[in-house]
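Structural characterization, general
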Amino acid sequence: MVSGSWFKITAVVGILMVVLEVSWGAETYCDFRKDGAQCLGSLGGTVLLQLMSNISEIPKYECKHNTSKILRGKFNNSQLTGLQNRLNFIPSNGTLIITNLSRIDSGAYTLETFDSNGKTEEKKTLQLNVEAPVSSAQLVSQCLSQGQINVSCLSEGGDSPQYSWTLDGHSLRDSELFSGNSETNIIVLRQNISGRLVCSVRNQVSFIFREIQISTCVFVNCSVNGTEISTWMFQEYDSLCVEPTGNPSPDTPILNVVAGKE
């Protein structure tokens with residue numbers, strides 16, 4: 001669940017950078033009624049642990065995180081302890097809620113129920129792993145010395161991020177890649193490749209993607225107000241050098257723009 005996001009776009013000669021930052025507030029549901037369940041929680045988010053279906057019929061119960069007791073009760077009467085007041089228990093549906101998850105919340109959770117004589121009736125465990133979600137993604141593209149396009153997909157905040165790329169809706173082909181592959185965060189596209197490029201970043205608790213419209217690189221060789229410009233840049237940014245029309249004034253720059261070769 002994404003609670004908010006904002007965009008930042010920056011463009012400079014030969015480089016295009018797009019940033020997407022996301023504020024995460026993920027909520028995860030885990031069924032504790034299945035012994036040995038595995039649960040994933042998002043750092044800073046909330047996890048809902050379904051402990052029992054009908055708590056009113058259970059004479060006594062307690063829940064531990066590793067070796068620390070965090071919940072105990074009898075029938076509909078319960079008491080919470082530990083986890084710095086980040087716990088909430090709803091007796092009506094037997095759900096234990098942990099908010100503002102931190103890495104120390106990872107570990108084994110044990111739920112034990114007892115009969116009216118205090119004898120253990122059932123004991124179940126659940127393993128919770130808290131991971132950081134991918135909080136932002138940044139795409140930076142740059143023209144290289146022979147007209148290829150270097151594109152970096154940079155992510156922040158996520159544990160073990162995995163990357164994938166598409167161009168105009170299809171996975172990147174070898175014929176489009178100069179170096180790298182569609183599972184690395186840095187690729188180099190061949191000369192004259194253009195289209196809608198998408199980088200997707202995911203881990204076990206989050207998914208985010210960023211897209212950019214890639215255009216071909218052109219080589220610009222001109223003089224602007226006495227300053228020599230000789231570089232590769234994206235075609236849409238070559239307006240630094242504009243061919244003169246009519247009779248040029250003394251301040252009109254002299255240019256030579258060559259597409260595709262230096």
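Fair warning: this is a prediction, and the values are worked out from it, not measured in the lab.

Analysis parameters
- Residues numbered from 1 in each chain as written.
- Predicted model: local features only at pLDDT ≥ 70, side-chain atom pairs only at ≥ 80, totals over all residues.
- Heavy atoms only, no water.
- Buried < 20%, exposed > 50% of the residue type's maximum accessible area, 1.4 Å probe, protein only.
- Helix = DSSP H or I, 4+ residues; strand = E, 2+ residues; numbered from the N terminus.
- Pairing = 2+ DSSP bridges.
- Phe/Tyr/Trp six-rings, centres within 6.5 Å; stacked < 30°, edge-to-face > 60°.
- Lys NZ or Arg CZ within 6 Å of the ring centre and 35° of its normal.
- Salt bridge = Lys/Arg side-chain N within 4 Å of Asp/Glu carboxyl O.
- Axes fitted to C-alpha atoms, helices over the stretch in contact; angles between N-to-C directions.
- Lys, Arg positive; Asp, Glu negative; His and termini not counted.
- Polar contact = N/O pair within 3.5 Å; in protein donor to acceptor, adjacent residues only side chain to side chain.
- Contact = heavy atoms within 4.5 Å.
- Disulfide = S-S within 2.5 Å.

1. Digging into the pairing of strand β9 (residues 87-90)
Judged by which residues are buried, β9 turns out to be one-sided: Leu87 and Phe89 face inward and are buried, whereas Asn88 and Ile90, on the alternate face, are not. Sheet analysis places β9 next to strand β10 (residues 95-98), joined by 4 bridges and oriented antiparallel. Residue pairing for β10: phenylalanine 89 is matched across the bridge by leucine 96. Taking the residues between adjacent antiparallel strands as the criterion, β9 and β10 are bridged by 4 residues, where glycine 94 takes a positive phi near 65°.

2. With respect to the packing of aromatic side chains
This model, assessed by the stated rule, comprises 3 aromatic pairs. When the ring centre of phenylalanine 114 is taken as origin, the NZ or CZ atom of lysine 60, which lies over that ring, is 5.2 Å away.

3. Section: the pattern of salt bridges
Two side chains of opposite charge can pair, provided their charged atoms sit close to one another. A complete count under the given rule lists 7 salt bridges for this structure. Among the salt bridges present, the one from aspartate 31 reaches arginine 33, with a minimum N-O distance of 2.9 Å. For lysine 69, the salt bridge goes to glutamate 62, with nearest N and O atoms at 3.2 Å. Relative accessible area serves as the criterion here: at 12%, glutamate 62 is assigned to the buried category.

4. A few points about the sheet that holds strand β5 (residues 46-50)
With mixed pairing, the 4 strands of this open sheet are ordered in space as β3-β5-β10-β9. The open sheet terminates on both sides in strands that have one partner only, identified here as β3 (27-31) and β9. Strand-to-strand twist in this sheet, taken as the mean axis angle between neighbours without regard to direction, amounts to 20°.

5. Let's talk about the sheet that holds strand β19 (residues 195-203)
Across the sheet, 4 strands lie side by side as β16-β15-β19-β20; this open sheet has antiparallel pairing. Two strands lie at the open edges of the sheet, namely β16 (170-171) and β20 (206-214), each paired on one side alone. Bridge count for strand β15 (residues 162-167) against β16 is 2 bridges, and the pairing is antiparallel. Bridge pairing in β16 links leucine 167 to histidine 170.

6. Here's the deal with the pairing of strand β13 (residues 136-143)
Within β13, 6 of the 8 residues are buried, leaving the element largely enclosed by the surrounding structure. As paired elements, β13 and strand β14 (residues 149-156) share 8 bridges and run antiparallel to each other. In the sheet register, serine 141 faces β14, and the bridge partner there is valine 151. With antiparallel pairing between neighbouring strands as the criterion, β13 and β14 make up a hairpin whose turn holds 5 residues, including glycine 147 at a positive phi of roughly 90°.

7. As for the side chain of glutamate 131
When you line up the elements, glutamate 131 lands in strand β12 (residues 120-131). For the buried glutamate 131, no salt bridge exists, and the shortest N-O distance to an oppositely charged side chain is 7.3 Å, to arginine 103. At 2.9 Å, the side chain of glutamate 131 and the side chain of glutamine 204 are in polar contact. Excluding its chain neighbours within four sequence positions, the residues that come into contact with glutamate 131 are Leu40, Gly41, Ser42, Leu43, Arg103, Asp159, Gln204 and Val205.

8. Observations concerning the state of the cysteines
Applying the stated criterion across every chain, the model contains 3 disulfides. The disulfide bridge from cysteine 143 ends at cysteine 217, spanning 2.1 Å between sulfur atoms. Taking the sign of the torsion about the S-S bond as the criterion, the disulfide between cysteine 143 and cysteine 217, at about -90°, is left-handed. Here the residue cysteine 143 occupies a position in strand β13, and cysteine 217 occupies one in strand β21 (residues 217-224), the gap between them amounting to 74 residues. Of the two residues examined, cysteine 143 and cysteine 217, each falls in the buried class. Disulfide pairing is shown between cysteine 153 and cysteine 199; the S-S distance is 2.0 Å. Every disulfide takes its handedness from the sign of the S-S torsion; for cysteine 153 and cysteine 199 that torsion is -90°, giving left-handed.

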